[in-house]
Amino acid sequence: MNKFSKYALYSAMMLAGAQASAAIVQVDFGDFTGSWVNTTATSGSGQPVASGDGTSNPLLRWGVPFNTGGPQSGYDFDAVTGFSTAFDTDTMMSPDFQLGMFTHRNNIILGDGASLLSTDLMLSTTVTIDGGTPINLDFVFSFTHNETPNGADPCANGGANGSGVNINGCADIITVTTADFTDVVTVNGINYTINIQGFLANGGFATGFETIEENINTAVIIANISATDVGVPVPEPASIAYLGTALLGLAAMRRRVNQKRK
């Protein structure tokens, strides 16, 4: 391969690399922490108590155990550590990623003690887009909880006691919303938003759960990033710079070749 061909190949590779990288924006999330807030319950002993708020593993416990010395019912959340993902400016979408795992410990508690009615999980982190300044983010997940009577038949979900999710007594019913999360991050003319896909449980997304008695029931929070608006749909300056350098180099090499042939 002659010098001109080698330089042309090298220049083309530089340009192709610049164009390929220009479509990808790196998004970095800091460590996630969670807190249980705005909790309400019925009257009675065993009022909800939160622990570990502001950490990666906040816990909420309530109720008077049916068996003396047994476990209370409770919610756990295991937040993810910091991670990086890629946002594609061509598709305006990132891959799906996890924010953490929600767990309901559905233990048997006395009916005349306290039962959870509602609580919010506030999940906090930072996001850095394309090497910019870290931005604080808060996600709020609002839970409502129906601590159903275990001995009812039919159960609150309409099913028969002793079968399906009611196999160990009537399943508790949980609903969750993400309506309080509205943050949009604007960087370099693009408005980014983190979309909560939902709670992934039993192979599908759900906004509510029927949790089996005397079981540990889990769901993973899935999210992604999309662009709601593009303010600067133009080629990256780096791509233009590489293109100019390549064209000037090709012109210079062509002049040298022509001079040698004279």
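Residues numbered from 1 in each chain as written. Predicted model: local features only at pLDDT ≥ 70, side-chain atom pairs only at ≥ 80, totals over all residues. Heavy atoms only, no water.

Novice: Explain the overall build of the chain residue by residue, including any values.
Specialist: The helix and strand inventory of the chain stands at 2 helices and 15 strands. By residue count, 38% of the 262 residues in the chain fall in the buried class. Excluding contacts between residues fewer than 6 apart, the proportion of contacts in the chain whose partners are at least 24 apart in sequence is 69%. Accessible surface, the chain: about 13600 Å² in total, of which carbon and sulfur atoms supply 55%. (Helix = DSSP H or I, 4+ residues; strand = E, 2+ residues; numbered from the N terminus. Buried < 20%, exposed > 50% of the residue type's maximum accessible area, 1.4 Å probe, protein only. Contact = heavy atoms within 4.5 Å. Areas by Shrake-Rupley, 256 points an atom, 1.4 Å probe, with all protein chains shown as cover.)

Novice: How would you sum up the layout of surface pockets? Please name residues and give values.
Specialist: Empty space left among the atoms is revealed by rolling a probe the size of a water molecule over them. Counted as a void, the second largest pocket has a volume near 200 Å³. If you trace the second largest pocket, you find 14 residues lining it, with A201, N202, E210, N217 and T218 closest to the centre. When the residues that make up the lining of the second largest pocket are grouped by side-chain class, the tally is 7 nonpolar, 6 polar and 1 charged. (1 Å grid on protein atoms, 1.4 Å probe; cavity = no way out; pocket = protein on both sides within 12 Å on 5 of 7 lines; lining within 4 Å. Points joined across faces, edges and corners; volume = space filled by probe spheres on them. Nonpolar A, V, L, I, M, F, W, Y, C, P; charged D, E, K, R; others polar.)

Novice: Before we move on, could you go through the nonpolar core and cite the residues and values that matter?
Specialist: Counting 43 residues, the largest nonpolar core has F29, L99, F141 and F143 as its most contacted members. With 6 residues, the top contributor of residues to this core is strand 12 (residues 190–201). (Core = buried A, V, L, I, M, F, W, Y, C linked by side-chain atoms within 4.5 Å.)

Novice: Lay out the side chain of S118 in plain terms, naming residues and giving numbers.
Specialist: Structurally, S118 is set in strand 8 (residues 116–129). At 2.6 Å, the side chain of S118 forms a polar contact with the side chain of T40. Excluding anything up to four places from it in sequence, S118 contacts N38, T39, T40, F143 and T144. (Polar contact = N/O pair within 3.5 Å; in protein donor to acceptor, adjacent residues only side chain to side chain.)

Novice: An account of the environment of C170 is needed here, citing residue identities and associated values.
Specialist: Turning to its location among the elements, C170 is positioned in the loop between strand 9 (135–146) and strand 10 (172–177). Of the residues examined, C170 reaches a relative accessible area of 0% and is grouped as buried. Placed 43 residues apart in sequence, C170 and E213 show a C-alpha to C-alpha distance of 7.1 Å. When neighbours within four sequence positions are excluded, C170 is seen to be in contact with T148, P149, N150, A152, C155, N161 and E213.

Novice: Any details on unusual backbone geometry? Residues and values, ideally.
Specialist: Omega for the peptide link from D153 to P154 comes to 5°, which places this bond in the cis form. Summarising the element assignment, P154 is placed in the loop between strand 9 and strand 10. Phi is positive for N38, close to 55°, though the residue is something other than glycine. According to the relative accessible area criterion, N38 is exposed, its value standing at 56%. Non-glycine residue M92 carries a positive phi angle of around 55°. One can find M92 in the loop between strand 6 (83–88) and strand 7 (97–106).

Novice: Talk me through the pairing of strand 6; I want residue IDs and the actual numbers.
Specialist: Going residue by residue along strand 6, you find F83, T85 and F87 tucked away on one face and S84, A86 and D88 left uncovered on the opposite face. Strand direction decides the pairing type here: strand 1 (residues 24–29) and strand 6, joined by 6 bridges, are antiparallel. Bridge pairing in strand 6 links V25 to F87. (Pairing = 2+ DSSP bridges.)

Novice: Quick one: what's the story with the packing of aromatic side chains, residue by residue and with numbers?
Specialist: Scanning all chains against the criterion turns up 18 aromatic pairs. Here Y75 and F143 contribute two aromatic rings whose centre-to-centre distance is 5.5 Å and whose plane-to-plane angle is 50°, an arrangement assigned as tilted. You can see Y75 sitting in strand 5 (residues 73–79) and its partner F143 sitting in strand 9, a full 68 residues away along the chain. F143 matches Y75 in its accessibility class, with the two residues each being buried. An aromatic cluster of at least three residues, connected via ring pairs, comprises W36, W62, Y75, F102, F141, F143, F199 and F209. (Phe/Tyr/Trp six-rings, centres within 6.5 Å; stacked < 30°, edge-to-face > 60°.)

Novice: Explain the state of the cysteines to me, and be specific about the residues and the numbers.
Specialist: Under the criterion given, the structure shown has 1 disulfide. One disulfide in the model links C155 with C170; its S-S distance is 2.0 Å. Measuring handedness by torsion sign, the sulfur bridge of C155 and C170 sits at about -80° and is left-handed. Residue C155 is found in the loop between strand 9 and strand 10, and its partner C170 is found in the loop between strand 9 and strand 10; the two are separated by 15 residues along the sequence. (Disulfide = S-S within 2.5 Å.)

Distances and angles like these do not, on their own, reveal function.
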